[in-house]
Amino acid sequence: MPFIPHTEDDVKTMLKTIGVKSTDDLFDEIPSNLRINDLNALDVGLNEMAMGRDMKDRAARDGGLACFLGAGAYEHHIPAAVWQITGRGEFLTAYTPYQAEASQGTLQLLYEYQTMMAHLMGLEVSNASLYDGASALAEAVLMAVRTNTAAKESRILIAGNLHPHYRQTIEALVRPQGILLETLPYNDKTGCLETQLPKIENGDIVAVVIAQPNFFGGIEEVDAITDWAHQHQALVIAVVNPIAMALLKEPGAWGQRGADIVCGEGQPLGIPLASGGPYFGFLCTKMDYVRQMPGRLIGRTVDQDGKPGFSLTLQAREQHIRRAKATSNICTNQGLAVTAATIYMSLLGASGLSDVAKASHANSKTLCAALTAIPGIRLRFNSPYFHEFVIECPCTADVLIQALLKKNILAGLDLSVLSPELDHCLLICVTETKTADDINAYVNAFLHALQNITSISTTVED
Amino acid sequence: MPFIPHTEDDVKTMLKTIGVKSTDDLFDEIPSNLRINDLNALDVGLNEMAMGRDMKDRAARDGGLACFLGAGAYEHHIPAAVWQITGRGEFLTAYTPYQAEASQGTLQLLYEYQTMMAHLMGLEVSNASLYDGASALAEAVLMAVRTNTAAKESRILIAGNLHPHYRQTIEALVRPQGILLETLPYNDKTGCLETQLPKIENGDIVAVVIAQPNFFGGIEEVDAITDWAHQHQALVIAVVNPIAMALLKEPGAWGQRGADIVCGEGQPLGIPLASGGPYFGFLCTKMDYVRQMPGRLIGRTVDQDGKPGFSLTLQAREQHIRRAKATSNICTNQGLAVTAATIYMSLLGASGLSDVAKASHANSKTLCAALTAIPGIRLRFNSPYFHEFVIECPCTADVLIQALLKKNILAGLDLSVLSPELDHCLLICVTETKTADDINAYVNAFLHALQNITSISTTVED
Amino acid sequence: MLIFEISAKGRRNHLQAPRLAPAATDIPAHLLRHKAPLFPEVSELQVVRHYTQLSRKNFSIDTQFYPLGSCTMKYNPRGVHQLASLEGFLQHHPLTPASHSQGYLQSAYELQQILSHITGLSAVSLTPMAGAQGEFAGVAMIRAYHLSRGDTARTEFLVPDAAHGTNPATAVMCGFRIKEIPTDKHGDVDLDALRAAVGPHTAGIMLTNPSTLGVFERRISEIAKIIHAAGGLLYYDGANLNAILGKCRPGDMGFDVMHINLHKTFATPHGGGGPGSGPVAANDRLKPFLPTPIVGYDGKQYRWLTTKDCPQSIGRLSAFMGNAGIILRANIYARLLGREGLCRVSEYATLNANYLMARLQQAGFTLAFPDRRASHEFIITFKKEAKTLGVSAKDIAKRLLDYGVHAPTTYFPLLVPECFLIEPTETESKEELDNFINILITILKEAKDSPDLVKQAPHNLPVRRLDDLKAAKELDLTWRE
Amino acid sequence: MLIFEISAKGRRNHLQAPRLAPAATDIPAHLLRHKAPLFPEVSELQVVRHYTQLSRKNFSIDTQFYPLGSCTMKYNPRGVHQLASLEGFLQHHPLTPASHSQGYLQSAYELQQILSHITGLSAVSLTPMAGAQGEFAGVAMIRAYHLSRGDTARTEFLVPDAAHGTNPATAVMCGFRIKEIPTDKHGDVDLDALRAAVGPHTAGIMLTNPSTLGVFERRISEIAKIIHAAGGLLYYDGANLNAILGKCRPGDMGFDVMHINLHKTFATPHGGGGPGSGPVAANDRLKPFLPTPIVGYDGKQYRWLTTKDCPQSIGRLSAFMGNAGIILRANIYARLLGREGLCRVSEYATLNANYLMARLQQAGFTLAFPDRRASHEFIITFKKEAKTLGVSAKDIAKRLLDYGVHAPTTYFPLLVPECFLIEPTETESKEELDNFINILITILKEAKDSPDLVKQAPHNLPVRRLDDLKAAKELDLTWRE
Ligand SMILES: Cc1ncc(COP(=O)(O)O)c(C=O)c1O
Ligand SMILES: Cc1ncc(COP(=O)(O)O)c(C=O)c1O
């Protein structure tokens with residue numbers, strides 16, 4: 001029997017030891033009216049070979065596109081060593097390191113991860129992961145509410161150019177606790193937050209959420225916003241792309257005092273796109289706020305011989321100890337993804353990460369220049385951007401996306417997801433994975449699609 | 001620098017310690033007329049990402065065919081666990097277990113391999129691998145010459161229906177030692193060795209080489225041949241397919257006394273087709289002949305506390321000890337492939353291996369029946385076969401192969417490689433990897449090709 | 001040694017990082033980074049060697065028996081991992097149009113169907129990223145349900161004292177007050193206390209069955225009646241589904257909504273702490289409130305259903321669609337096993353637990369519920385040993401590590417003192433169980449003969465017992481130069 | 001525990017083995033197998049756990065410093081392994097028509113070109129499966145060359161006494177008698193002895209340069225002249241190519257034919273003993289005799305050249321085309337490094353060796369050739385320690401294992417007593433070398449202060465020192481029930 005090691009003799013002996021006649025007897029405490037006897041509405045099992053054929057067909061249907069789509073999930077080159085080491089049974093099939101002495105591998109790795117992530121963000125502390133970027137932001141909001149006890153009301157100001165899915169996620173996750181979410185508007189020309197920040201009173205606002213880069217790829221004036229928030233006793237929650245942080249100012253250095261809580265999606269750090277997960281959310285903060293942090297934390301300590309070692313610490317924040325009073329309900333996190341990210345960051349080092357950021361930036365500039373040189377195509381927002389930008393087209397973005405799909409190019413995101421008025425806008429991302437040929441292929445396919453569209457519309461008009 | 005860990009400071013310190021100015025000085029014993037200064041005719045290096053694009057293109061060009069080709073290399077399903085475990089760094093990047101205490105993993109695994117392989121062949125001893133099936137046969141022939149000292153001349157009788165590449169390989173490898181290779185003819189109707197065996201004198205022949213199944217997939221009357229050879233004081237060398245041995249009588253049980261040396265290609269046991277290698281050759285024999293065996297042998301022993309352990313043994317047979325008097329020059333062998341094969345055999349067990357053999361057999365029967373039901377197509381040889389058979393077609397086999405390639409089917413082997421007269425003959429293999437749909441697709445493509453050919457030839461004749 | 005301690009300034013390992021001539025950037029200088037982050041500077045071999053060596057300091061299913069109760073540490077089939085890692089799946093961007101996502105969508109849809117059938121509930125959303133997020137979804141759905149009916153008085157959630165910590169933490173995240181319900185001496189919910197606790201403020205109850213005490217709650221139908229009669233709804237914590245696959249269904253027990261831990265019952269790797277996946281299943285009443293996205297199928301194409309399709313949905317719980325890779329793995333696992341294989345899971349998991357329990361009882365260990373059947377797990381308590389020998393459950397757990405066996409869950413559930421929650425799972429052999437029994441017997445003997453050996457354990461691991469107090473007091477959470 | 005000892009009769013693990021209704025077979029009963037082979041009956045988890053645990057008993061590059069002289073245990077890049085394992089390559093049948101093999105054929109052809117350039121020889125055949133088979137090919141080509149000219153008197157091969165064991169073994173396999181040439185005290189070939197040995201019977205000489213003594217043979221051009229003048233040819237054992245990549249070329253030294261160990265210089269994994277790959281390169285004189293198949297290119301298509309194209313070829317050395325997967329890996333490695341990277345290999349390998357040698361000499365270790373440069377490797381001898389302390393090179397090697405470092409090659413070359421042949425390779429860091437030096441110093445101190453500690457080593461490994469004598473005397477080569 002697949003995966004079950006018992007021989008018939010084993011079963012007999014075991015039943016005898018227990019003192020029952022059949023395995024069925026072991027379920028005799030289940031009231032008979034609740035018993036079912038089979039799962040026969042399901043299919044019979046397949047063997048691994050047949051399953052392989054089936055799954056290869058499915059994978060083939062989903063693969064093979066040249067990806068120019070970002071919008072929160074980014075294709076980067078992942079060195080082979082990352083997943084070959086991450087996939088070792090000892091990392092893959094262990095669980096939460098409750099028994100520290102039998103988990104020093106995972107624990108030390110997580111401590112190293114916490115270190116790298118804190119340094120990347122310019123903050124003092126990082127936890128050992130949350131589910132993903134969006135849910136990490138929700139946790140950051142809840143953490144801010146617990147931390148900023150000076151605030152009169154649980155009001156949070158959220159950048160209007162935050163990823164819409166992030167906004168939806170925090171709505172779902174923090175709304176039950178009566179937290180008010182309000183929008184900090186962005187400027188229609190720059191795509192960035194208005195430089196004229198709203199008038200607020202001290203203690204009106206728990207925290208301000210800023211995205212750097214914002215959903216359009218644009219780069220915000222983070223120093224000014226941070227200082228403004230701090231002047232009004234609001235905390236600053238930064239949502240950032242970790243690869244961008246190799247190039248852009250780290251949140252710990254924003255303004256006079258730095259952002260207070262930094263979170264985001266860890267996926268760009270060595271995690272494949274993989275239909276959206278598993279990724280991981282990261283969360284960093286100042287040492288002062290560590291006791292309000294959600295998620296696992298690993299501390300360095302010593303063993304009884306004085307030898308250094310690592311263990312879960314500040315567990316009194318967590319649900320398995322504090323239960324109803326925990327900082328979060330999170331238990332299982334995204335450990336394996338963090339394992340990969342740690343190996344990724346080690347392999348690249350700071351300068352490697354910076355190379356990736358710069359190459360992505362340069363590539364996106366190249367494609368943007370080529371596209372905006374086409375008559376009728378313009379850059380929608382005039383702010384500097386990192387590796388993602390928005391163009392406005394003479395037709396709906398969806399038409400172009402469909403046309404480029406036929407050439408196996410995933411052209412970008414139709415911004416009508418954000419608001420129906422943006423339906424002529426296409427959000428395009430280019431990372432270091434794209435060659436000059438790839439970029440040319442995009443431009444050619446794009447031109448070709450535009451010509452078709454123009455000729456069709458001309459025909460129709462005739 | 002890729003893969004080189006030195007910092008500039010390291011290099012300075014190291015040069016200073018050595019007492020030279022530059023690394024170039026370290027090469028000052030090379031006469032200056034021999035020095036070159038660069039390899040500039042080669043390309044500059046690529047990074048892993050660019051290399052990935054390039055190699056994926058190449059792999060795509062070679063993949064995607066439905067494989068009905070055997071002829072010495074067989075496609076079988078390989079459970080995922082096989083290479084995930086084999087690929088662990090500790091197996092992958094160790095070398096020959098010279099330091100036994102630091103190599104118990106590899107050594108115990110090889111001991112287990114020797115055990116499984118010896119049992120599969122019905123013999124007492126197996127070595128730890130040779131390069132491949134063909135070179136293993138050459139080693140078997142040399143071993144037979146060393147062993148059968150009663151023989152007057154170094155004459156070897158070789159089955160005429162042995163894989164032609166095996167024949168060529170032994171020609172190349174044993175010819176320099178003056179060994180005479182003669183052919184034991186096969187019957188043109190059955191494809192098997194003539195039942196009327198030639199008259200030979202005692203001591204005329206060192207050994208007889210029999211293939212089971214033979215190159216045509218046919219099953220030989222091994223008992224009779226073995227006894228005949230033994231009656232004339234010739235050794236019997238069996239060349240077998242290890243998967244077939246789950247179904248067919250094991251060489252150790254052939255005739256009255258069993259085959260003396262068994263060798264063959266280990267690839268079917270969990271090794272991918274991979275353009276022909278790395279595979280591994282196996283070699284088994286009777287305990288009496290073990291000191292003439294080539295290749296590594298692992299023995300079980302005890303450590304100084306009496307605890308069981310494993311080490312290389314009978315090293316006095318090997319080149320690194322015996323040098324010019326060694327049983328072979330082999331040093332590096334095919335250890336990793338054997339690691340995979342051991343895990344494969346453990347996962348399948350005897351009954352799993354038997355299932356694979358039976359499913360392959362059944363599938364080949366199905367395709368054969370469907371093809372030979374087509375008018376004009378006949379089974380070329382009328383002997384029972386294992387999972388490979390020969391059909392004779394109204395056109396050259398090559399025409400059919402080319403036609404089926406267009407449908408992404410690798411139809412089989414054009415037997416004109418063996419002899420120009422067999423150019424209408426196609427050697428086809430079907431393993432357990434093929435579904436009923438796959439077999440139907442073959443038959444349909446075949447029919448379609450035949451129709452095209454017939455209509456073309458009809459047109460031409462008209 | 002930390003990776004930072006292997007680092008050397010100026011060491012470069014740039015093969016992986018593609019470089020481009022740096023383009024002139026229009027990003028203003030004050031928005032650029034000025035100080036590189038403190039990352040290690042190490043060679044690729046150093047990275048590979050460091051993390052390979054680190055991995056070897058872990059216990060894991062692939063290397064050890066790992067009977068961690070409530071966590072279902074069963075074999076994670078290698079074939080499942082391989083097929084879920086096919087390049088087509090890994091390359092696939094989550095926002096790819098449905099036309100080019102049919103492979104993944106079909107797999108997700110099938111899993112929704114399978115889970116629906118197994119749980120006896122009519123609809124499933126796969127988006128929650130672990131059990132706790134599944135709990136959140138379910139409780140938030142109950143909240144949304146009451147609110148949708150204008151029933152704003154229901155501010156309390158009932159949680160048995162045996163419940164997993166995530167249960168009360170979740171209910172609080174959903175804005176509820178917690179009422180704890182005690183357990184009777186047989187491990188069942190105290191019905192009188194339950195009756196006394198319910199009322200017009202009751203939004204619902206969170207329950208797992210079999211409970212984390214390792215026993216099946218026999219009066220579950222009565223509990224359901226009590227809660228439903230009071231206008232509350234029932235949430236099922238599906239962490240223990242491995243115990244009842246194909247034997248009974250939460251939907252039939254009267255539960256309205258539940259989560260399933262794919263990383264437990266469906267054998268996806270636990271990854272040193274995660275990722276998991278916690279799909280939520282609901283009956284018709286709660287179906288409209290399921291979190292999005294959900295996969296729909298019109299007979300021809302699979303597509304994502306969003307809040308446009310499900311206007312009453314509690315919304316989105318993550319940026320994309322949950323832990324898709326885990327969902328793929330669960331699909332493959334379920335279809336590999338098929339209908340017979342899935343039924344066998346609970347049979348053999350239960351057989352193993354009851355065998356282990358019987359043998360340990362015979363060997364003199366104290367069972368928490370000696371007159372009950374074990375479900376797929378059970379509890380022993382070292383209360384006696386702690387008193388008479390001064391050896392705690394923790395000491396015994398640490399000593400087990402010395403023998404190359406991972407410890408069971410300790411000190412959980414909280415209401416059984418000095419306890420082990422032991423879950424062998426169906427993929428462990430009788431030999432492995434017998435070995436574990438013999439080790440426990442040996443340790444018990446050691447605890448009597450040389451208690452210090454046990455109290456000072458572990459002795460054979462990379463570190464001796466760690467100073468957790470120091471870790472919490474002198475917080476050292478990141479390495480500094 | 002052996003896998004057979006985990007086995008239990010009737011345990012089944014058949015997920016992987018597809019079953020079909022057994023077809024009626026026409027195979028006569030007397031040709032069928034009647035007794036199943038003794039294979040283990042184990043579950044998939046048992047297999048995974050057993051072999052995962054076993055693997056952990058190995059030292060390897062990925063886990064340890066592994067300075068095994070003459071074996072070039074350098075980092076095997078993970079990216080190379082991944083790309084050579086792409087499914088299109090793994091699926092590819094060796095007899096697929098060339099039209100559907102262009103990906104592999106191009107890669108093989110490129111490698112032929114690269115090797116030709118690196119070695120300074122005009123043509124390459126990739127078919128030999130390891131160094132020893134490459135030697136066979138080369139020596140057989142020399143034999144074929146002489147015979148093709150009707151020169152049947154050349155029955156002797158010259159081999160320096162420092163040569164690797166495969167060299168004399170190979171020459172014998174090719175039907176030659178061996179004449180051993182002694183080494184002078186500087187590690188060079190004794191030219192007088194060489195002159196005395198050559199003659200009309202001389203078919204050729206096998207030489208490696210730098211030699212296995214870790215020094216460069218400075219009078220190589222003179223040696224070539226002597227051999228060529230006598231009508232013999234020169235075979236170069238390319239195992240030490242890592243020392244001279246981009247610095248000098250065997251073709252320029254006067255060699256006619258050579259092999260290259262791809263598993264050494266080109267960083268392909270050694271796999272616990274193999275596979276390797278030993279391509280053979282030849283100058284114009286010997287090119288016609290290269291073993292087949294070889295890859296040809298007509299400017300449009302790559303194809304296999306067989307004996308039809310190369311009628312003088314020594315023929316085929318394996319059933320297909322050699323260790324194709326290793327050839328792919330070498331191609332990828334060479335192209336990743338490119339022209340600069342390949343030159344750096346020998347520079348840093350040599351730097352590491354000379355640094356280690358200098359430091360060890362300073363620390364009081366005895367060098368075999370103190371007045372010579374190290375190539376990529378060098379020799380120290382414990383002759384003194386063996387005499388004065390009774391501690392052998394073997395003892396020290398075993399003690400090194402206790403410190404988590406693989407031992408260098410011991411007792412080879414045979415002509416230096418109690419020796420270590422130490423090859424650090426270019427991918428090891430200065431820190432790793434310093435660590436090794438400190439360990440050796442510690443061990444030398446131990447050898448003086450507590451020699452038994454060293455003589456009884458290892459102490460910290462899965463087994464203590466093994467009884468090799470018993471292994472050979474009481475042969476136990478397979479497990480029996
Ligand atoms: C009984 C029980 N409920 C809930 C959970 C929470 O699940 P997760 O860890 O996936 O969030 C767990 C697992 O740890 C559990 O054991
Ligand atoms: C100097 C030398 N020559 C030849 C060989 C033989 O190479 P292989 O082991 O690949 O057959 C080796 C390797 O072991 C060697 O070190």
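Higher on the page you've got the structure.
An account of the accompanying structure is given in this report.

Cut-offs and rules
- Residues numbered from 1 in each chain as written.
- Chains lettered and ligands numbered in written order.
- Predicted model: local features only at pLDDT ≥ 70, side-chain atom pairs only at ≥ 80, totals over all residues.
- Heavy atoms only, no water.
- Helix = DSSP H or I, 4+ residues; strand = E, 2+ residues; numbered from the N terminus.
- Rg over C-alpha atoms; globule rule 2.2 N^0.38 Å.
- Buried < 20%, exposed > 50% of the residue type's maximum accessible area, 1.4 Å probe, protein only.
- Contact = heavy atoms within 4.5 Å.
- Areas by Shrake-Rupley, 256 points an atom, 1.4 Å probe, with all protein chains shown as cover.
- Lys, Arg positive; Asp, Glu negative; His and termini not counted.
- Charge placed at Lys NZ, Arg CZ, Asp CG, Glu CD.
- Near = heavy atom within 4 Å.
- Polar contact = N/O pair within 3.5 Å; in protein donor to acceptor, adjacent residues only side chain to side chain.
- Salt bridge = Lys/Arg side-chain N within 4 Å of Asp/Glu carboxyl O.
- Axes fitted to C-alpha atoms, helices over the stretch in contact; angles between N-to-C directions.
- Parallel < 35°, antiparallel > 145°, perpendicular 65-115°, else oblique.
- Left-handed = near helix turned anticlockwise from the far one by under 90°.
- Nonpolar A, V, L, I, M, F, W, Y, C, P; charged D, E, K, R; others polar.
- Buried area = accessible area lost by both parts, 1.4 Å probe.
- Pairing = 2+ DSSP bridges.
- Expected span 1.5 Å × (residues − 1).

This part covers the overall build of chain C. For chain C, the count of helices and strands is 17 helices and 13 strands. Rg of the C-alpha trace for chain C: 25 Å, near the compact-globule value of 23 Å for 481 residues, within the 12% margin. Taking the principal axes of its C-alpha atoms as reference, chain C extends roughly 75 × 65 × 45 Å. Classification of the 481 residues of chain C by burial places 70% in the buried group. Restricting the contact set of chain C to residue pairs at least 6 apart, pairs at least 24 apart contribute 72%. Carbon and sulfur atoms form 52% of the exposed surface of chain C, whose accessible area is close to 14300 Å². Taking the average place of the 52 positive charges on the side chains of chain C and the average place of its 46 negative ones, the gap between the two points comes to 3 Å.

This part is about the site of ligand 2. Around ligand 2, 16 residues are found, and the nearest of them are Thr332(B), Ser70(D), Gly131(D), Asp237(D) and Lys264(D). Of the chains in the model, those with residues near ligand 2 are chains B and D. One nitrogen or oxygen atom from the main chain of Ala132(D) is found 2.7 Å from an oxygen atom belonging to ligand 2. Taking Asn261(D), its side chain carries an N or O atom lying 3.0 Å from an oxygen atom of ligand 2. When the free accessible area of ligand 2 is taken as 380 Å², the share hidden by the protein chains comes to 99%. When residues of the shell around ligand 2 are traced back to their parent elements, those giving at least two are helix 6 (131-148) and helix 11 (262-265) of chain D. Per-element tally for the shell around ligand 2: the top contributor is helix 6 of chain D, with three residues.

Another point: the pattern of salt bridges. All names here are of chain D. Counted according to the given criterion, the structure contains 112 salt bridges over all chains. Its salt-bridge partner being Arg-177, residue Glu-156 comes within 3.5 Å of it at the nearest N-O pair. Remark: Arg-177 occurs in strand 3 (residues 177-181) and Glu-156 occurs in strand 2 (residues 156-160); sequence separation between them is 21 residues. Classification of Glu-156 as buried rests on a relative accessible area of 10%. Arg-285 is the partner of Asp-256 in a salt bridge, and the nearest nitrogen-oxygen pair spans 3.5 Å. Taken together, the residues span a long stretch of sequence, with Asp-256 in the loop between helix 10 (250-253) and strand 6 (257-260) and Arg-285 in the loop between strand 7 (280-282) and strand 8 (294-297) at a distance of 29 residues. Residue class for Asp-256 comes out buried when judged on its relative accessible area of 1%.

Moving on, we come to the packing of helix 6 (residues 133-147) of chain B against helix 7 (residues 164-174) of chain B. Residue and element names in this part refer to chain B. Helix 7 packs onto helix 6 with a crossing angle of 50 degrees between their chain directions and a minimal axis gap of 8 Å. Judged on the interaxial angle alone, helix 7 and helix 6 are oblique. Relative to helix 7, the crossing made by helix 6 is right-handed. Residue-level contacts link Gly-133, Ala-134, Ser-135, Leu-137, Ala-138, Val-141 and Leu-142 of helix 6 to His-165, Tyr-166, Thr-169, Ile-170, Leu-173 and Val-174 of helix 7. The residue inventory of the contact of helix 6 with helix 7, partitioned by class, reads nine nonpolar, four polar and no charged.

With that out of the way, let us pick up the interface of chain D and chain C. Counting residues at the interface gives 28 residues for chain D and 28 residues for chain C. Summed over both partners, the interface of chain D with chain C comes to about 2300 Å²; 48% of that surface belongs to carbon and sulfur atoms. A per-residue breakdown of the area chain D buries against chain C is headed by Leu45(D), Arg49(D) and Arg56(D), which together make up 29% of the total. Applying the counting rule to chain D against chain C returns six salt bridges. For Arg49(D), the salt bridge is made with Glu428(C), and the minimal N-O distance between the two is 2.7 Å. Joining chain D to chain C, the criterion identifies 16 residue pairs in polar contact (both at pLDDT 80 or more). It is helix 2 (residues 44-55) of chain D that contributes the most residues to the side of chain D that touches chain C, eight residues altogether. Here the side of chain D that touches chain C is built from residues that sort into ten nonpolar, nine polar and nine charged.

All names here are of chain B. Counting buried residues in helix 8 (residues 222-231) gives eight out of ten residues, a clear majority hidden from the surface. Within helix 8, burial applies to Val-222, Asp-223, Ile-225, Thr-226, Asp-227, Trp-228, Ala-229 and His-230. Looking one or two residues beyond helix 8, the residue adopting positive phi is Gln-233, at roughly 60 degrees.

Residues and elements named next belong to chain B. The four strands lie next to each other as 11-12-15-14, forming an open sheet whose pairing is antiparallel. The open sheet terminates on both sides in strands that have one partner only, identified here as strand 11 (378-379) and strand 14 (413-414). Of the strand pairs in this sheet, strand 11 and strand 12 (residues 388-392) are connected by two bridges, and their pairing is antiparallel. From the neighbouring strand, Arg-378 faces strand 12, where its bridge partner is Glu-392. Strands in contact with helix 10 (residues 335-372) are strand 11, strand 12 and strand 15 (425-429); relative to strand 12, the strand with the most contacts, it is inclined by about 5 degrees.

What follows concerns the sheet that holds strand 12 (residues 388-392) of chain A. Residues and elements named next belong to chain A. Read from one edge of the open sheet, four strands run 11-12-15-14, paired in antiparallel fashion. Bordering the open sheet on either side are strand 11 (378-379) and strand 14 (413-414), each of which pairs with just one other strand. In this fold helix 10 (residues 335-372) packs onto strand 11, strand 12 and strand 15 (425-429), with an angle of close to 5 degrees to the strand it touches most, strand 12.

On to helix 2 (residues 44-55) of chain C. All names here are of chain C. For helix 2, which comprises twelve residues, the first-to-last C-alpha distance of 16 Å matches the rise-based estimate of 16 Å (1.5 Å per residue) to within 8%. Within helix 2, eleven of the twelve residues are buried, leaving the element largely enclosed by the surrounding structure. Residues of helix 2 that are buried include every one of Glu-44, Leu-45, Gln-46, Val-47, Val-48, Arg-49, His-50, Tyr-51, Thr-52, Leu-54 and Ser-55, and no others.

Attention now moves to the site of ligand 1. Lining the immediate surroundings of ligand 1 are 16 residues, of which Thr332(A), Ser70(C), Gly131(C), Asp237(C) and Lys264(C) lie closest. Near ligand 1, the surrounding residues are drawn from chains A and C. Within the side chain of Ser70(C), one N or O atom sits 2.5 Å away from an oxygen atom of ligand 1. His263(C) is positioned with one of its side-chain polar atoms (N or O) 2.8 Å from an oxygen atom of ligand 1. In the complex, the protein chains occlude 99% of the 390 Å² of accessible area that ligand 1 would expose alone. Sorting the residues of the shell around ligand 1 by element identifies helix 6 (131-148) and helix 11 (262-265) of chain C as the ones contributing at least two each. Among the elements that take part in the shell around ligand 1, helix 6 of chain C stands out by supplying three residues, more than any other. Among the residues making up the shell around ligand 1, the classes are represented as five nonpolar, eight polar and three charged.

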